[in-house]
Amino acid sequence: AAYLQKSGLSVVVLERRHVIGGAAVTEEIIPGFKFSRASYLLSLLRPQIYKDLELKRHGLKIYFRDPYSFTPLLESVDGRPPRSLLLWADMVKNQQQIAQFSKKDSEAYPKYLDFMDRLVSAIDPLLDAPPVDMAAITQGSLLERVKSLRSLQPLIKAGITLGSQFPKYYEVLTGPVSKILDRWFESEPLKGTLAVDAVIGAMVVEKILVDNNGKAYGVVLQDGTEVHSRLVLSNASPHHTFLKLTPQEQLSEEFITMISQFDAKSPVTKINVAVDRLPNFLSMPNTADGRPLPHHQCSIFLNTERMNLLDEAHEEACQGKPSTRPMMELCIPSSLDPTLAPPGCHVISIFSQYTPYTLTGGRQWDEEEKNRYADNAQKLKTAEAIKYHHKKALF
């Protein structure tokens, strides 16, 4: 909306809720405890947006995490003390951590990062570039084709950057993460930790006004108010936008079929938790003063110490059952920003999957089912890897 207004358009933003901010809103759900209700990390905010909208001047402060991930292992083999994998921005520290499980993986890790960095350098410019208009290239006038061909330049540069290794990078983008990681590493804790980012997420207004020519010209709100405009942008899912909000008679059968077949279901459940003390991990016990340690200030991965745990969790969800050992990513934002919770207390953001959108047996995601899932997540955290005292959990 800000970009459109800066371009000279008159813009109105319609929020479904009473709080402005959408998925990035922060709310005091429990008195004294402030939660980012849906989002949990800022890593996907494009740097160019940060600069263009002068977000720093408007009060945005970014907290960088180092270390950036912590994976405590749930294990008790031959009296072995609890172990964990802590990854930093420092390569020497990382290799020391990885060497606990595999010296071979420790040596391969820098090469793996170099390989992935090359992919990032190729793809990153594409994220800020407009998508290629293939219809204009193949069917437009000569002038339109010339203009459209210019939009191919970032894509061409990406291909040049990847060079002869393009087939390997293509496999990274399209193949199963287990196959890719098995080629690089042998230790399960490292593969499980790296696999998390590859599997994350994998699984209103009342009505849009459309004229007889199939052009959207506004929206109708729940109270009946009509808001007219030259353009309507929807950030709802394709299913909701076209199958719920748009008059069906204005859409072709082929288009409706295509949208119906598009899988937009999410396997993710977000849990916000208020706690009266920091989680205490057996592999890295808390200090007596209760202050946050480095591993409290990064992403904490649970149930990722073996790749088969991710597979089992996914299979259960495919059968309509919430995972009995779901993958969980914990963030404790109050460990970096103490203003989010009362003194000595903390807020914890739990990103978990897999949870099926539709439960088996026709069951609904009512309060009983939600509490059952939260209780199971709590039970898992209180096992061997973590001693945990929770105050209240909220979806």
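Predicted, not measured: the structure shown is a model, and the values here were computed from it. (Residues numbered from 1 in each chain as written. Predicted model: local features only at pLDDT ≥ 70, side-chain atom pairs only at ≥ 80, totals over all residues. Heavy atoms only, no water.)

(A) Here's a closer look at the overall build of the protein. Helix and strand content of the protein: 14 helices and 14 strands. If one aligns the C-alpha atoms of the protein with their principal axes, the spans along those axes are about 75 × 55 × 50 Å. Put simply, the protein has 395 residues, and 34% of those count as buried. Looking at the protein as shown, the accessible area adds up to about 23,600 Å², and 55% of this sits on carbon and sulfur atoms. (Helix = DSSP H or I, 4+ residues; strand = E, 2+ residues; numbered from the N terminus. Buried < 20%, exposed > 50% of the residue type's maximum accessible area, 1.4 Å probe, protein only. Areas by Shrake-Rupley, 256 points an atom, 1.4 Å probe, with all protein chains shown as cover.)

(B) Broad picture of the confidence of the model for the protein. This prediction gives the protein a mean pLDDT of 87; 94% of its residues lie at or above 70. Confidence, read as mean pLDDT per element, is least for strand β14 (residues 390-394) in the protein (45) and greatest for helix α3 (residues 91-99) (97). Every residue in residues 382-395 is under pLDDT 50, and counting partners more than four places away or in other chains gives 56 contacts. (pLDDT = per-residue confidence, 0-100. Contact = heavy atoms within 4.5 Å.)

(C) Quick peek at the sheet that holds strand β6 (residues 216-220). Strands sit in the order β5-β6-β7 across an open sheet of three strands; the sheet is antiparallel. Bordering the open sheet on either side are β5 (207-210) and β7 (226-228), each of which pairs with just one other strand. Each adjacent strand pair in this sheet contributes to an overall mean axis angle of 30°, direction not counted. Both β5 and β6 contribute to a ladder of four bridges, which runs antiparallel. In the strand pairing of β6, Leu 209 is matched with Gly 218. (Pairing = 2+ DSSP bridges. Axes fitted to C-alpha atoms, helices over the stretch in contact; angles between N-to-C directions.)

(D) View of the environment of Phe 255. Mapped onto the elements of the fold, Phe 255 is located in helix α12 (residues 253-261). Remark: the alpha-carbon pair of Phe 255 and Ser 335, spanning 80 residues in sequence, is separated by 48 Å.

(E) Highlighting the environment of Pro 47. Relative to the helices and strands, Pro 47 resides in helix α2 (residues 47-52). The partly exposed category is assigned to Pro 47, whose relative accessible area is 48%. Along the backbone, Pro 47 and Asp 128 are 81 residues apart, and their C-alpha atoms lie at a distance of 9.8 Å.

(F) Representation of the side chain of Asn 94 within the structure. When you line up the elements, Asn 94 lands in helix α3. On the accessibility criterion, Asn 94 (1% relative accessible area) is buried. Residues within four places of Asn 94 in sequence aside, it is in contact with Tyr 68, Leu 86, Leu 87, Trp 88 and Tyr 109.

(G) Fine view of the domain arrangement of the protein. Each assigned domain of the protein is listed here: domain 1 (1-101 + 265-394) and domain 2 (218-250). Buried surface at the junction of domain 1 and domain 2, both sides included, amounts to about 320 Å², of which 86% is carbon and sulfur. It is Leu 4, Leu 9 and Leu 14 that lose the most area in domain 1 upon contact with domain 2, and together they represent 79% of the buried surface on that side. In this structure, the connection of domain 1 to domain 2 is made through zero salt bridges. (Domains from an automatic or database assignment. Buried area = accessible area lost by both parts, 1.4 Å probe. Salt bridge = Lys/Arg side-chain N within 4 Å of Asp/Glu carboxyl O.)

(H) Spotlight on the packing of aromatic side chains. The tally for this structure, following the rule as stated, stands at eleven aromatic pairs. Relative to Phe 185, the ring of Tyr 109 lies with its centre 6.4 Å away and its plane at 45°, an arrangement referred to as tilted. Taken together, the residues span a long stretch of sequence, with Tyr 109 in helix α4 (residues 103-127) and Phe 185 in the loop between α9 (177-184) and α10 (188-199) at a distance of 76 residues. By relative accessible area, Tyr 109 is classed as buried at 1%. An angle of 40° between the planes, with centres 6.5 Å apart, marks the rings of Trp 184 and Phe 185 as tilted. A network of ring pairs unites the aromatic residues Tyr 109, Tyr 112, Phe 115, Tyr 169, Trp 184 and Phe 185 as a single cluster. Lying over the aromatic face of Trp 88, Lys 93 brings its terminal NZ or CZ to 4.0 Å of the ring centre. (Phe/Tyr/Trp six-rings, centres within 6.5 Å; stacked < 30°, edge-to-face > 60°. Lys NZ or Arg CZ within 6 Å of the ring centre and 35° of its normal.)

(I) Local environment of the nonpolar core. By size, the foremost hydrophobic cluster in this structure holds 23 residues, and its most contacted members are Tyr 109, Phe 185, Leu 190 and Leu 194. For this core, the secondary-structure elements that each account for two or more residues are β4 (84-87), α4, α10 and α13 (307-318). Take this core: its biggest share by element is five residues, from α10. Residues within four places of Tyr 109 in sequence aside, it is in contact with Tyr 68, Leu 87, Met 91, Asn 94, Ile 98, Phe 185, Leu 190 and Leu 194. (Core = buried A, V, L, I, M, F, W, Y, C linked by side-chain atoms within 4.5 Å.)

(J) Molecular detail of the pairing of strand β10 (residues 299-302). Along β10, one buried face is formed by Ser 299 and Phe 301 and the opposite face, lined by Ile 300 and Leu 302, is buried too. Strand direction decides the pairing type here: strand β3 (residues 69-72) and β10, joined by two bridges, are parallel. Each residue of the ladder has a partner; that of Phe 70, found in β10, is Ile 300. Bridging between β10 and strand β11 (residues 327-331) involves three bridges; their strand directions are antiparallel. Bridge pairing in β11 links Ile 300 to Leu 330.

(K) The pattern of salt bridges, seen in detail. A full pass over the atoms with the stated rule returns 16 salt bridges. For the salt bridge of Glu 27 with Arg 37, the shortest nitrogen-to-oxygen distance reads 2.7 Å. A residue pair is termed long-range when its members are at least 10 positions apart, and Glu 27 in strand β1 (residues 26-30) and Arg 37 in the loop between β2 (33-36) and α2 qualify at ten residues. In this structure Glu 27 comes out as buried when scored by relative accessible area, which is 11%. Given the relative accessible area of 29%, Arg 37 is considered partly exposed. Notably, a salt bridge pairs Lys 370 with Glu 367, separated by 4.0 Å at the nearest N-O pair. Taken together, the residues span about one helical turn, with Lys 370 and Glu 367 both in helix α14 (residues 367-381) at a distance of three residues.

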